[in-house]
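Working through the structure, step by step
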Amino acid sequence: MNKQSIFSFTLEELRNYLVEHGFAKFAADQVYDWIYRKFVFVPTEWSNCSKKMCVYLGENLDFSLPKIVWNGLSEDGTRKFLVAMQDGNSVETVAIASKSRLTLCVSSQVGCAIGCTFCHTATQGLTRSLTTGEVVGQFLSVSQWLKENTDGDSLTNIVYMGQGEPLNNFENMKQATLLFLEPKGIGLGQRRITLSTSGLVPQIEKLAEFPPVNIAISLHAAHDHVRSELMPINKIYDLKRLFKAIKTIPLKSYRRITYEYLLIDELNNNLEDIDALCKLINQKESKINLIPFNEYPGSDFKRPRKDNIIWFNNELNRRGFTSTIRASKGSDILAACGQLKTHVEKDKTNLW
Ligand code: SAH
Ligand code: SF4
């Protein structure tokens, strides 16, 4: 039988597990401290814990973490990691530095089933969803790497924007989020975590069951025919259904929904698109994140010119919308969604 990953227990679940197996309840807090604060993953090194418990946990739970098999630094400080799971599948996870933040962009699945026409991950199809331990494990492996290789850098934010559709892995992403939030563990605040979705209506309608984190919707177009061309999911859940579902998301008064909007030349970047976008979204409760399309070898789409990108953003601001342009991070190491993995795998012979 497969052992359960130690990196999938909430603190409360670990307490119950320890008590059930004859150990002290308070030891769960110590275990949490070693794993999530000190990043020490070998139980025999937990000096203040009972030896008997450490041996028991080491024998009965799975302590394996995603293994960093490659990492590369971009000129702008973005560091990309390729991590391999126990079964040999690999995903990417990216640490993006900006101002006082160090944000980890984690993957939720190996590949993706949604099939967006602009996305490199889509070309891989879906292999499988990641387990809770593998999602939390990306954070832990990178944290340990930072501890060993930097001057005390630590991760401050998490976005679910790597490979995969997080809402197609609802239960595991929910559990991973509970672990990221646990005050005695990683302890990130709710506003430091962002879930990005392509717009799966039934799961959006279930978001009340998810811990209340920031929600980003990959919108990319304000017309159904354009959005359907970019995202086949729009043929099932069109804009009308999507926005009906978005209205059901429980939002605290100060919270907003982020709309990600890819800017693609001659597709969704003109005045008429701005008019449609402004009609579609609620000005007060929305933020728009403009993402200039990241071109990759073989991609069908083009990034608009810089002056068009700036104009698009200014025009939204002029109409009273909160909108920003996402700086393209790590493009020299192919940091956009799904690009590195394929690149590295193609060049495997050169890298290993
Ligand atoms: N599946 C989820 C989360 C992962 S994708 C989603 O689609 O929201 C994270 C973001 O990267 C999405 O907004 C996606 O549209 C964007 N993205 C994918 N390919 C891109 C590319 N080539 N250039 C720029 N952004 C891209
Ligand atoms: Fe999947 Fe997101 Fe890529 Fe679309 S953009 S294929 S949903 S990872």
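Residues numbered from 1 in each chain as written. Chains lettered and ligands numbered in written order. Predicted model: local features only at pLDDT ≥ 70, side-chain atom pairs only at ≥ 80, totals over all residues. Heavy atoms only, no water.

Phi angles above zero are rare outside glycine, and K99 is one such case at about 45 degrees. Inspection of the secondary structure assignment puts K99 in the loop between β3 (90-98) and β4 (101-105). According to the relative accessible area criterion, K99 is exposed, its value standing at 92%. Non-glycine residue E266 carries a positive phi angle of around 60 degrees. Position of E266 relative to the elements: it lies in the loop between β10 (257-263) and α10 (271-280). (Helix = DSSP H or I, 4+ residues; strand = E, 2+ residues; numbered from the N terminus. Buried < 20%, exposed > 50% of the residue type's maximum accessible area, 1.4 Å probe, protein only.)

We now examine the pattern of salt bridges. Note that side chains of opposite charge can pair when their charged atoms are close. Taken as a whole and judged by the stated rule, the model has 12 salt bridges. Here R128 and D87 are joined by a salt bridge, their closest N and O atoms 2.8 Å apart. Of this pair, R128 sits in strand β6 (residues 126-129) while D87 sits in the loop between β2 (79-84) and β3; the two residues are 41 residues apart in sequence, bridging distant segments of the chain. Here D87 falls in the partly exposed class, since its relative accessible area comes to 46%. (Salt bridge = Lys/Arg side-chain N within 4 Å of Asp/Glu carboxyl O.)

Next up on the list: the packing of helix α1 (residues 11-20) against helix α2 (residues 27-37). Two elements in contact, α1 and α2, have axes separated by 8 Å at closest approach and are oriented at 130 degrees. Looking at the two axes, α1 sits oblique to α2. In this structure, the crossing between α1 and α2 has a hand that is right-handed. Each of L11, L14, R15 and L18 in α1 lies in contact with α2, whose residues at this interface are A27, A28, D29, V31 and Y32. (Axes fitted to C-alpha atoms, helices over the stretch in contact; angles between N-to-C directions. Parallel < 35°, antiparallel > 145°, perpendicular 65-115°, else oblique. Left-handed = near helix turned anticlockwise from the far one by under 90°. Contact = heavy atoms within 4.5 Å.)

Below, the discussion takes up the packing of aromatic side chains. Scanning all chains against the criterion turns up 15 aromatic pairs. Arranged with centres 5.2 Å apart and planes meeting at 65 degrees, the rings of F9 and Y17 form a pair that is edge-to-face. Ring centres of Y32 and Y36 lie 4.5 Å apart, and the angle between their planes is 50 degrees; this geometry places the pair in the tilted category. Note that Y32 and Y36 are positioned in helix α2 at a spacing of four residues, about one turn of the helix. In this structure Y32 comes out as buried when scored by relative accessible area, which is 1%. Every member of this aromatic cluster is reached through a ring pair, and the members are F7, F41, W46 and F63. (Phe/Tyr/Trp six-rings, centres within 6.5 Å; stacked < 30°, edge-to-face > 60°.)

This is a description of form; function is not addressed.
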